[in-house]
Amino acid sequence: MPAPIRLRELIRTIRTARTQAEEREMIQKECAAIRSSFREEDNTYRCRNVAKLLYMHMLGYPAHFGQLECLKLIASQKFTDKRIGYLGAMLLLDERQDVHLLMTNCIKNDLNHSTQYVQGLALCTLGCMGSSEMCRDLAGEVEKLLKTSNSYLRKKAALCAVHVIRKVPELMEMFLPATKNLLSEKNHGVLHTSVVLLTEMCERSPDMLLHFRKLVPQLVRILKNLIMSGYSPEHDVSGISDPFLQVRILRLLRILGRSDDDSSEAMNDILAQVATNTETSKNVGNAILYETVLTIMDIKSESGLRVLAINILGRFLLNNDKNIRYVALTSLLKTVQTDHNAVQRHRSTIVDCLKDLDVSIKRRAMELSFALVNGNNIRGMMKELLYFLDSCDPEFKADCASGVFLAAEKYAPSKRWHIDTIMRVLTTAGSYVRDDSVPNLIQLITNSVEMHAYTVQRLYKALLDDISQQPLVQVSSWCIGEYGDLLVSGQCEEEEPIQVTEDEVLDVLEGLLVSNLSAPVTRGYSLTAIMKLSTRFSSVNRIKKVVSIYGSSIDVELQQRAVEYNALFKKYDHMRPALLERMPIMEKTASNGPTEIVQTNGETEPSVPDTKHLPLVTQPANQANDLLDLLGGNDVVPVIQTTLPTKPASAGGELLDLLGDLSLSGGPAPAPSVPVSKPPFLLDGLSSQPLFNDISAAIPPMTAYSKNGLKIEFTFERANPNPNIAVITIHATNTTEADMTEFVFQAAVPKTFQLQLLSPSSNIVPALNQGSVTQVIRVLNPQKQQLRMRVKLTYTHKGSPVQDLAEVNNFPPQSWQ
Amino acid sequence: MQFMLLFSRQGKLRLQKWYVPLSDKEKKKITRELVQTVLARKPKMCSFLEWRDLKVVYKRYASLYFCCAIENQDNELITLEIIHRYVELLDKYFGSVCELDIIFNFEKAYFILDEFLLGGEAQDTSKKNVLKAIEQADLLQEPRHEYFNVPVY
């Protein structure tokens, strides 16, 4: 068998291959040769073959059949074999395969070898890829070498120990004694690796941290020597003495000084010294300054030092080197919360970075800019940020848009400015805004009462330009549906009112329905908007036609809406004006609060905190009026207890504020942040979700009233999707021999609840349990207070009227928790 | 440091050093994706990028990219110095190193790297010491007894 070809020969040959296929062929041929050579257990050329295998492995070809050969090489006595063997082990073996454990014994022997370079190979391999089992077995040897006086081995042992600790943290203790005089070494290699070892130990164990705190003065001294000492050719990098060691020491000081006043004070001077004396013309000096700044900001430094640090970062921002600018922005982002004012001083430089070409720099500048926005600089900052939004890459647009909305919400100087800003975002980055922006914006617009005419006009004009950006189209359609009357009447004060007819508006909305650009959700918005205009415009016939066409739409959602709206025209026309009334001002949710429907008095309408907008609703039944009579005005306690104008008192204030003496002990005023907000669709209550989805396990029924033969039982369900609504069905039965006729059931709840009574099944409770009257009560209990109720019953029994009042307190907890 | 990769402008891998345990498949995937990402960067961009949850520091020397993945608490700027130090070591050893040197002597490039870094951290901050150690180790290599001048492998 001829000698296997040499490594360089093989490399040369493979590089001549012109195609992937040719290369693969050569590789396969050589692998076959190598395999047979391995089979022959050829010791002489094993090294050469493994070397070739490693080359082919780097090209991406499988080389696992060489793993055992690596082990044989490691076990060989020849240094050349060991060198390649250990390299092969590091490249081909990994701790997932049991095969690697076979190395352990060899490494153990080599750690005790007479030649330090062999020991070095073993330490390197163990420290690079040693598994936890290997580390456990060999930790003792490493610890021994950590104490040797041979600095070549000591430095390697230190880093090997770091790896052992990472793999088997419990072994950390055993290295403690050996660390005793590590820092007294003169050798920079040992110093550097020792600092790394100490850092690792302190990061992992608070006890170690406490123990090593006493090293601070020593570390400070070493650092000082590095800075003050003259030129040392061996460790010099561009005029700075051993920057690698300086950086590691600064990092260890950071960990030791964190949350400790004494240590922080001890390092104060040296930090100031490094910060002011380090040469900044080259990257290496800036690397040290960077580490210094990180340390200053993290320990308990005095304010002068902190200002110094921020100023260094400010100077970094002006550096030509983009790497420096990048780290400056990153660091400023970390400190902007704690040292806000100091960072504000560099705001204009930061804003300039928005125009940088580098993506990472732009992103950081954007994040930092948003962090710096406040009431004073909002106008200027927003101009820059909107300009950025216009020109930035798509990957930024969503985050930037959200940031703009948030900042505008917090600091808008005026409503008009706020709406203008939103319009600008919608028109420039409309397709990138997040889904929740649409309802949030609608809420904002609704609450800016004086801007309605202006808003709807601007949104209408925007729609004329572009109907492709869905969030913009959705908000616009909603607005037009709400305020279309203001649009055609040309009432705008803020700018020149436009002349537009009802037909033109309807054209636009119908255009949205048929356009390919409109998403299904958008179509829903536009159909609802058209419907709402039926009470605001006079061209009702046209609207009726559109609605009836969509009654047979393929889109189920549209079809359902159209059918329901149709029904509204036909059967419930008397309810239509009430249902399509202008939206009242909504309670501000915590951002992204759940949207709920609060149902009151049989109308599907959000609760009205501002009674100014209270619609005058004719009750389907006269129950509410009766309740008022019930109270006779005597027991009514004034509703509003808090001073918050947007307190969500129930609709029609007094109507449901009953029973002042049923106040809850410690009766809290409703918390201002009761999450009530309007869903985007007025008639969502008629949407496909059934009212009585049961989400909880069955709640036990209870007997609410039982007297004179009349028994009233309550059964419960918790409504879906709103878990704050309890649905109670009353069942009234009569055990007497005579029917109870003209039966009316009324109920009242404390202030913090809201009640809706639906129509009863009948008003005759048949005698002798022959049937029952059922009625549904929906109770909204947003504060999850204990449910209590007062009921009034009136009926005629055997010719005489009967009336009774009762309190119901024994509600099962599951009905209100 | 979690790993270091050296690759050409065509994306061919010239050296890979992994300091974290990963399967071959994962290594290949990471290599492929990271190489693509770095090669796509324009010359004016900075040397740092965020990739997955790591910080990546890279620098191009002639036709070779030197690319390191470091942890969040590591100093990016000093990593650039580490890379530079490694290039200086190669340069001193090979005498004006070029990509071909690293291709044909890849095992030596590894030996030098392993003498400079251990477990991802610098063992010695003195250029002289590292080079001396390599020199001494080279002398230990047994020449083939039949052909003294023939390369060992």
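Residues numbered from 1 in each chain as written. Chains lettered and ligands numbered in written order. Predicted model: local features only at pLDDT ≥ 70, side-chain atom pairs only at ≥ 80, totals over all residues. Heavy atoms only, no water.

1. Digging into the overall build of chain A
Filter applied, for reference: The helix and strand labels rest on DSSP assignments: H or I over at least four residues marks a helix, E over at least two residues marks a strand, and numbering proceeds from the N terminus. Relative accessibility decides the category of a residue: with a 1.4 Å probe and only protein chains considered, values under 20% of the type maximum give buried, values over 50% give exposed, and everything between is partly exposed. What makes two residues a contact is simply this: any of their non-hydrogen atoms within 4.5 Å. To measure how exposed things are, a 1.4 Å probe is used in the Shrake-Rupley method; for residues, cover is taken only from the protein chains shown.
Across its full length, chain A holds 32 helices and 12 strands. Within chain A, the proportion of its 817 residues that are buried is 57%. Sequence-distant contacts in chain A: of pairs separated by 6 or more residues, those separated by 24 or more amount to 69%. Of the roughly 34,700 Å² that chain A leaves accessible, carbon and sulfur atoms contribute 50%.

2. Here's the deal with the overall build of chain B
In terms of regular secondary structure, chain B is built from five helices and seven strands. Helices (α) and strands (β) of chain B occur, in sequence order from the N terminus, as β-β-α-β-β-β-α-α-α-β-β-α. A separation of at least 24 residues holds for 46% of the contacts in chain B among residues at least 6 apart in sequence. Carbon and sulfur atoms make up 52% of the accessible area of chain B, which amounts to about 6,600 Å² in all.

3. Some remarks on the side chain of K362 of chain A
Residue and element names in this part refer to chain A. What counts here: None of His or the chain ends enter the tally, which takes Lys and Arg as positive and Asp and Glu as negative. Whenever a carboxyl oxygen of Asp or Glu lies within 4 Å of a side-chain nitrogen of Lys or Arg, that contact is scored as a salt bridge.
Mapped onto the fold, K362 is located in helix α20 (residues 359-372). D393 provides the closest opposite charge to the buried, salt-bridge-free K362, at an N-O distance of 4.6 Å. Once you skip the residues sitting within four places of it in the chain, K362 turns out to touch C353, L354, D356, L357, F388 and F396.

4. Some thoughts on the sheet that holds strand β3 (residues 48-51) of chain B
Residue and element names in this part refer to chain B. As a reminder of what qualifies: Pairing between strands requires that DSSP locate at least two bridges from one strand to the other. Convention adopted: a line fitted to C-alpha atoms gives each axis, helices being fitted over their contacting stretch, and angles between N-to-C directions are expressed from 0 to 180 degrees.
On the basis of which strands lie adjacent, the open sheet formed by five strands has the order β2-β1-β5-β4-β3 and antiparallel pairing. The two strands at the open ends of the sheet, each matched to only one other strand, are β2 (13-18) and β3. Averaged over all adjacent pairs, the angle separating strand axes in this sheet is 20 degrees, with direction ignored. Pairing of strand β1 (residues 3-8) with strand β5 (residues 64-70), which is carried by six bridges, proceeds in the antiparallel orientation. Looking across to β5, one finds that L6 is bridged to F66. Helix-sheet contacts for helix α1 (residues 24-39) involve β1, β2, β3, β4 (54-61) and β5, and the interaxial angle to β1 is about 60 degrees.

5. Quick word on the sheet that holds strand β6 (residues 710-718) of chain A
Residues and elements named next belong to chain A. The sheet built from five strands is open, its strands ordered β5-β6-β7-β10-β9 with antiparallel pairing. The outermost strands of the open sheet, each flanked by one partner alone, are β5 (699-707) and β9 (754-757). Across the sheet, the mean angle separating the axes of adjacent strands is 25 degrees when strand polarity is ignored. Across four bridges, β9 lies against strand β10 (residues 773-780) in antiparallel orientation. If you follow Q754 over to β10, its bridge partner there is L780.

6. Some remarks on the confidence of the model for chain A
Using the following cut-off: For every residue, the predictor assigns a confidence score, pLDDT, that lies between 0 and 100.
Summary statistics for chain A give a mean pLDDT of 82 and a share of 86% for residues scoring 70 or more. Of all helices and strands in chain A, the one with the weakest mean pLDDT is strand β3 (residues 599-600) of chain A (33), whereas helix α9 (residues 151-167) of chain A scores best (97).

7. Description of unusual backbone geometry
Residues and elements named next belong to chain A. The phi dihedral of S238 is positive, around 50 degrees, even though this residue is not glycine. Relative to the assigned elements, S238 resides in the loop between β1 (236-237) and β2 (240-241). Under the relative-accessibility criterion, S238 is labelled partly exposed at 44%. You will see that E742, though not glycine, has its phi angle at about 50 degrees, which is positive. Here E742 shows up in strand β8 (residues 740-748).

8. Concerning helix α4 (residues 106-116) of chain B
With respect to burial, α4 of chain B is a largely interior element, 10 of its 11 residues being buried. Of all the residues in α4 of chain B, the buried ones are F106, E107, A109, Y110, F111, I112, L113, D114, E115 and F116 of chain B.

9. Examining the interface of chain A and chain B
Condition: Joining two parts hides part of their accessible area as seen by a 1.4 Å probe, and the buried area is that hidden amount summed over both. Contacts described as polar in this section are N or O atom pairs within 3.5 Å, which, within protein, must combine one atom able to donate a hydrogen with one able to accept it, while residues neighboring in sequence count only if both atoms come from side chains. Gly falls in the polar group here, along with every residue not listed as nonpolar (Ala, Val, Leu, Ile, Met, Phe, Trp, Tyr, Cys, Pro) or charged (Asp, Glu, Lys, Arg).
In this assembly, 73 residues from chain A lie in contact with 68 residues from chain B. Contact between chain A and chain B buries roughly 6,400 Å² in total, counting both sides, with carbon and sulfur atoms accounting for 57%. When the area that chain A buries against chain B is broken down by residue, the three leading residues are M58, R83 and F244 of chain A, summing to 12%. There are 10 salt bridges connecting chain A and chain B. Counting across the interface, chain A meets chain B through 25 residue pairs in polar contact (both at pLDDT 80 or more). The element contributing the most residues to the side of chain A that touches chain B is helix α3 (residues 43-59) of chain A, with nine residues. Of the residues belonging to the side of chain A that touches chain B, the class tally is 33 nonpolar, 15 polar and 25 charged.

10. Notes on the side chain of S515 of chain A
Residues and elements named next belong to chain A. Mapped onto the secondary structure, S515 falls in the loop between α27 (502-514) and α28 (520-532). Engagement of the side chain of S515 in a polar contact is seen with the backbone nitrogen of L517, the distance being 2.9 Å. The residues contacting S515, other than those within four sequence positions of it, are I467 and R523.

11. Re the environment of K383 of chain A
Topologically, K383 of chain A is positioned in helix α21 (residues 378-391). Sequence-wise, K383 of chain A and T421 of chain A are 38 residues apart; in three dimensions their C-alpha atoms are separated by 9.3 Å.

12. Section: the packing of aromatic side chains
All names here are of chain B. Heads up, the condition is: Pairs were defined over the aromatic rings of Phe, Tyr and Trp, the Trp ring being its six-membered one, requiring ring centres within 6.5 Å. Orientation was assigned from the angle between planes: stacked under 30 degrees, edge-to-face over 60, tilted for the rest.
Throughout the structure, instances matching the rule amount to 17 aromatic pairs over all chains. When the ring of F3 is compared with that of W18, the centres are 4.6 Å apart and the planes differ by 35 degrees; the resulting orientation is tilted. Of this pair, F3 sits in strand β1 while W18 sits in strand β2, and the two are 15 residues apart along the sequence. Taken as a pair, F3 and W18 share a single burial class, namely buried. Ring centres 6.2 Å apart and planes at 75 degrees place the aromatic pair F66 and Y86 in the edge-to-face group. Linking F66 in strand β5 with Y86 in helix α2 (residues 76-94), this pair joins segments that are 20 residues apart in sequence. Residue classification places F66 among the buried residues on the basis of a relative accessible area of 3%. Looking at Y86, the relative accessible area reads 1%, which means it is buried.

13. Comments concerning the pattern of salt bridges
Scanning the model with the defined rule gives 57 salt bridges over all chains in all. As a salt-bridge pair, K128 of chain B and E234 of chain A come within 4.0 Å of each other at their nearest N and O atoms. With K128 of chain B in helix α5 (residues 127-140) and E234 of chain A in the loop between α12 (216-228) and β1, this pair bridges two chains. Of the residues examined, K128 of chain B reaches a relative accessible area of 52% and is grouped as exposed. E234 of chain A sits in the partly exposed class, given a relative accessible area of 28%. Each member of the salt-bridge network shares a partner with another, and the members are E41, R46, E69 and K72 of chain A.

14. Remarks on the packing of α28 of chain A against helix α29 (residues 540-549) of chain A
Residue and element names in this part refer to chain A. Note the cut-off: Here a crossing is called left-handed whenever its near helix is offset anticlockwise from the far helix by less than a right angle, and right-handed whenever the offset is clockwise.
Following both chains from N to C, one finds α28 and α29 inclined at 145 degrees, their axes separated by 9 Å at the closest point. Viewed along their axes, α28 and α29 form a crossing whose handedness is left-handed. On the side of α28, the interface is formed by L527, I530 and M531, while α29 contributes I543, V546 and V547. Within the contact of α28 with α29, the residues separate by chemical class into six nonpolar, no polar and no charged.

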